[in-house]
Amino acid sequence: MSAIPDKPQLEGLEAKWGKVWEEQGTYRFDREGADRDGVYSIDTPPPTASGSLHVGHVFSYTHTDTVARYQRMRGKRVFYPMGWDDNGLPTERRVQNYYGVRCDPSLPYVEGFVPPHEGGDGKSVKAADQQPVSRRNFIELCERLTVEDEKQFEDLWRTLGLSVDWSQSYRTIGDESLRASQLAFVRNVQRGEAYQAQAPTLWDVTFRTAVAQAELEDRDQPGAYHTLHFHRTDSSGAVGEGDLLIDTTRPELLPACVALVAHPDDERYQPLFGTTVRTPLFDVEVPVVAHHLAQPDKGTGIAMICTFGDVTDVVWWRELQLPSRSVLGFDGRLVSEAPEAIESEAGREAYAQLAGKTVFSAKQAVVELLQASGELSGEIRTITHPVKFFEKGDRPLEIVSTRQWYITNSAHDEALRERLLAHGRELDWHPEFMRVRYENWVEGLSGDWLISRQRFFGVPIPVWYPLDADGNPVYDEPILPAESQLPVDPSSDVPAGYTEAQRGVAGGFQGEVDVMDTWATSSLTPQLAGGWERDPELFGLVYPYDLRPQGQDIIRTWLFSTLLRSELEEGRLPWRHAGISGWILDPDRKKMSKSKGNVVTPAGMLEQHGSDAVRYWAASAKLGTDAAFDPQNPTQIKIGRRLAIKLLNAAKFALGFDAAGAGLVTEPLDRSMLAGLARVVEEATRAFDAYDHARALELAESFFWTFCDDYLELVKERAHGGEGQSQASAVTALRAALSIFARLLAPFLPYASEEVWSWMAEGSVHTADWPLASELTALAGDDADAELLGLVGAALVGVRGAKTAAKASQKTPVELAVVQAPEASAERLRLAAADLAAVGRIAELRIEAAPVDAVAVAEIRLEQAEA
RNA sequence: GCGCCUGUAGCUCAGUCGGUUAGAGCGCCACGCUUACACCGUGGAUGUCGGGGGUUCGAGUCCCUCCGGGCGCACCA
């Protein structure tokens, strides 16, 4: 036990206790002699190391920490690891800007490379100003920067007081993670769950990579309808009679047109099905076909199918078995060579004017050409329509045909879909309604999960391809590494049976250059952290996990993909509970985001207000509920700070009374307080078990204020100046209550409660036993009157009110006070009359039974102040 | 288009199974240096529970409907 300071304060507690916890290993996961039932395991979200932390992180990670601390105090061995999601695009972008470089895989490695600058100013560096570096140099810079970023993150998490076992941390780009992701992938391939396909793919032209359905978002964009003349081949071919009018928002894709399509029931176009038309400008003959996805009420009711303008084009192209006539390159520009189908001189000339242009410029050029040829009908009508974007991108996605790796996700497998939905029902969601989002997502899956990315800093896809006699890769026969060989980098490692000299030569092999989507690694966090295929004993202790905490925005990505991988690998749910935190909204109720400039740095908040205060704010919001936060006026944080300070001061005060005679609680008021507290303990425990940490906090907090404002005031005279058993009773009750409060509040205010605990007990409050109501009823007796404190409190309010009304100090003596109460209450009140008289400085206190509804002061006579 | 959440005091939010007079904190007003706490304490005022309809002895709570706010999924010529 340590001495109580003269002036307890919050400042410095983070550093003081953070150090002690680290030294004592307070949060260390102890597996010695553990069994699965004695463990509480948490599948912690690995934050994106290269991103900046914002208040939203503090919010949701605090939610999880309160649960971790509660479970630890319940006697569970808590497995609470921390991972860093350091691979992927965010890191690449940050490295580009931080060091002023860009990856060019064609360049050779430079030993001892020094980047052009370091630190940057946070602004993005233009691509033209970035120095091209080799892939290996680029990855080295990624590694260097993420290690630094992760250190800062860890410092912040430690200051916030997350009770993470830091010896269990992992990086998604670390060797063990690489090995586990590749191992899982290889097994997916072996079981037929991972495959490659050449197919139209959503493509980000800025990052030049394919993206998956889960990473899409719709954004409203300006667009325009253009009405084009298509010429019927059975007419003269000249503009005019018999032309078909087609509305399109993508006129630049006209050279990629492969057909026109209308609904089979559309009588206007039924006569044309089976005939052909010629495209404007390019004079390509295309069929008129029928498909049920064509909407008669859209545009002119007949659409042009291009390869590829949108995902519907892809469906039509596939289902109607149309030819491919791609014009868009990976860079988002029209390719230099016109499609072969464009044969006419005029058509090839027209295309030559588009070649090399961006989509935007090509659109303008086509419009001009169409206007010149008279094949554009009427006005161009501008509209606003949703367009698919990569969530991290800022240019619309295009669709290009590429070879990619996929993992089956039930889009084409009804039985798997049923299993995934069943798992969704089996999982305990907090709050419950979040399950719907999962179901929406699973039911809306339109294609398998595209996991290959044409990027650099990620887990390499661990395959090689044999090269045939002509030096062409045989993609259908990928060479997989042996499990014992993992992790591998196919760019530098050599497959079994080959030598490095055979790389890239006919009859030899080539390595896959793509890396995995970051979610392909993150979807394995239960495996990565839990020692899957590395530490079977650990895995058996923690898996399936008890809790997956996460934000609502990544249900379709992280939650879904983790559940999927677990189903594929283990055939079962990876966790029992999912705790979904809400958003942080700024005062205008808009989601906080960097671009809006309303992000506050958590480090500054913790520094200014103290960690306990910030945690209080976070913990007072329920799971799944958005919380408003105004950095200019952080009300909840101030309230939390007040609570933490109050805890320190109340403890100091209560522990200051002479405890020599402590032992039994005999006074009715003391017993009442303990009985009330016992109820709070029961309810708070129930709330925590139901993943309602906010209610547990509210219960503890509100009773704590009653304890301070009423009980402590009522008994301080007795505890300080009283004698014998009545004094001992008060002191015993105060100490018992304090011990309970420190523990009830420990999950929320780990610093203040630890400080207070250190004044009265050995060890850490965070490894102490979660309070039991029985501790209190043992002291207070089973028949204690929990209501008494409230009755006395009501009388006290009456006395105080009278003094306030008289504009007198609370210490003003009272000559006479008459308290009236209902018959039954009056008798009980008399049991605490002495305490009430003492705090009110009442010379003569009369308690009368009367026909009133509630306790009230009927008459009061204050002693006159000096005349 | 399908669906989920949400609307309670000026603000942020509780309100359990339908049950007495709807709560808390902040803010506001007034008072008070009272054995810890001025980063404090005491007291007070404050409501069309979004609107309408229904069920019920009784509705903030259940049902229907309309309106507002937020979000998910789908659509994308």
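Residues numbered from 1 in each chain as written. Chains lettered and ligands numbered in written order. Predicted model: local features only at pLDDT ≥ 70, side-chain atom pairs only at ≥ 80, totals over all residues. Heavy atoms only, no water.

S.K.: It is not clear to me how the sheet that holds strand E16 (residues 398-407) should be interpreted in this structure. Could you clarify?
M.R.: Sheets are built from strands paired through backbone hydrogen bonds, the pairs being either parallel or antiparallel. Across the sheet, which stays open at both edges, the 4 strands sit in the order E8-E7-E16-E18 with antiparallel pairing between neighbours. Pairing within the sheet leaves two strands with one partner each, and these edge strands are strand E8 (209-210) and strand E18 (449-450). Here 2 bridges tie strand E7 (residues 194-204) to E8, and the two strands are oriented antiparallel to one another. Each bridged residue has a counterpart across the sheet, and for Asp204 the counterpart in E8 is Thr209. (Pairing = 2+ DSSP bridges. Helix = DSSP H or I, 4+ residues; strand = E, 2+ residues; numbered from the N terminus.)

S.K.: Would you take a moment to explain the nonpolar core for this structure?
M.R.: Soluble globular proteins: nonpolar side chains tend toward being buried together. Membership of the largest hydrophobic core comes to 120 residues, with the highest contact counts inside it found for Phe230 and Leu260. In contact with Phe230, other than residues within four places in its own chain, are Asp243, Leu244, Ile246, Leu254, Cys257, Leu260, Val277, Arg278, Thr279, Pro280 and Met304. Counting 89 residues, the second largest nonpolar core, distinct from the first, contains Leu643, Leu647, Ala650 and Leu791. (Core = buried A, V, L, I, M, F, W, Y, C linked by side-chain atoms within 4.5 Å. Buried < 20%, exposed > 50% of the residue type's maximum accessible area, 1.4 Å probe, protein only. Contact = heavy atoms within 4.5 Å.)

S.K.: Would you take a moment to explain unusual backbone geometry for this structure?
M.R.: Glycine aside, residues mostly have negative phi angles, and peptide bonds mostly take the trans form. That bond from His430 to Pro431 is cis: its omega, -5 degrees, falls within 30 degrees of zero. Structurally, Pro431 can be placed in the loop between strand E17 (428-430) and helix H10 (435-443). With omega at 0 degrees, the peptide bond leading from Leu486 into Pro487 counts as cis. Inspection of the secondary structure assignment puts Pro487 in the loop between strand E20 (464-466) and strand E21 (509-511). One non-glycine residue, Arg208, adopts positive backbone phi at about 50 degrees. Secondary-structure assignment places Arg208 in the loop between E7 and E8. Residue class for Arg208 comes out partly exposed when judged on its relative accessible area of 47%.

S.K.: Quick question: what am I supposed to make of the protein's contact with RNA strand B here?
M.R.: Of all residues adjacent to RNA strand B, which total 51 residues, the nearest are Asp247, Gln295, Ala303, Lys388 and Ile645. Within 4 Å of the protein, atoms of RNA strand B come from sugar and phosphate in 60% of cases. Lys388 places a polar side-chain atom, nitrogen or oxygen, 2.4 Å from a base nitrogen of RNA strand B. Broken down by secondary-structure element, the contributors of at least two residues to the surface near RNA strand B are strand E9 (216-232), strand E10 (244-248), strand E15 (376-390), H10, helix H17 (635-655), helix H19 (693-721) and helix H23 (788-805). Sorting elements by how many residues they give to the surface near RNA strand B places H17 first, with 9 residues. In terms of residue class, the surface near RNA strand B is built from 14 nonpolar, 15 polar and 22 charged. (Near = heavy atom within 4 Å. Polar contact = N/O pair within 3.5 Å; in protein donor to acceptor, adjacent residues only side chain to side chain. Nonpolar A, V, L, I, M, F, W, Y, C, P; charged D, E, K, R; others polar.)

S.K.: Which parts of the structure should I look at to understand the environment of Asp65?
M.R.: Along the polypeptide, Asp65 turns up in helix H2 (residues 55-73). Distance in space between the C-alpha atoms of Asp65 and Ser163 is 6.4 Å, their sequence separation being 98 residues. Sequence-distant contacts of Asp65, that is, excluding residues within four places in its chain, are made with Tyr80, Gly161, Leu162, Ser163 and Arg615. Within the structure, Asp65 has its side chain in polar contact with the backbone nitrogen of Ser163 (distance 2.6 Å).

S.K.: What is the right way to read empty space enclosed by the protein from this model?
M.R.: Picture a little ball the size of a water molecule; that probe, rolled over the atoms, points out where space is still empty. For the structure shown, the criterion picks out 4 cavities of 30 Å³ or more. Lining of the largest cavity is provided by 16 residues; of these, Ala212, Ala214, Trp441, Trp449 and Phe560 occupy positions nearest its centre. Counting residues per element, the lining of the largest cavity draws most heavily on helix H14 (residues 555-570), which supplies 4 residues. By volume, the second largest cavity is sized at about 70 Å³. The wall of the second largest cavity is formed by Ser60, His63, Thr64, Val67, Leu547, Pro549, Gly579, Ser581, Leu623, Tyr691 and His693. When contributions to the lining of the second largest cavity are tallied by element, the ones reaching two or more residues are H2, strand E23 (545-551) and strand E24 (575-581). It is H2 that contributes the most residues to the lining of the second largest cavity, 4 residues altogether. Among the residues forming the lining of the second largest cavity, the class breakdown is 5 nonpolar, 6 polar and no charged. (1 Å grid on protein atoms, 1.4 Å probe; cavity = no way out; pocket = protein on both sides within 12 Å on 5 of 7 lines; lining within 4 Å. Points joined across faces, edges and corners; volume = space filled by probe spheres on them.)

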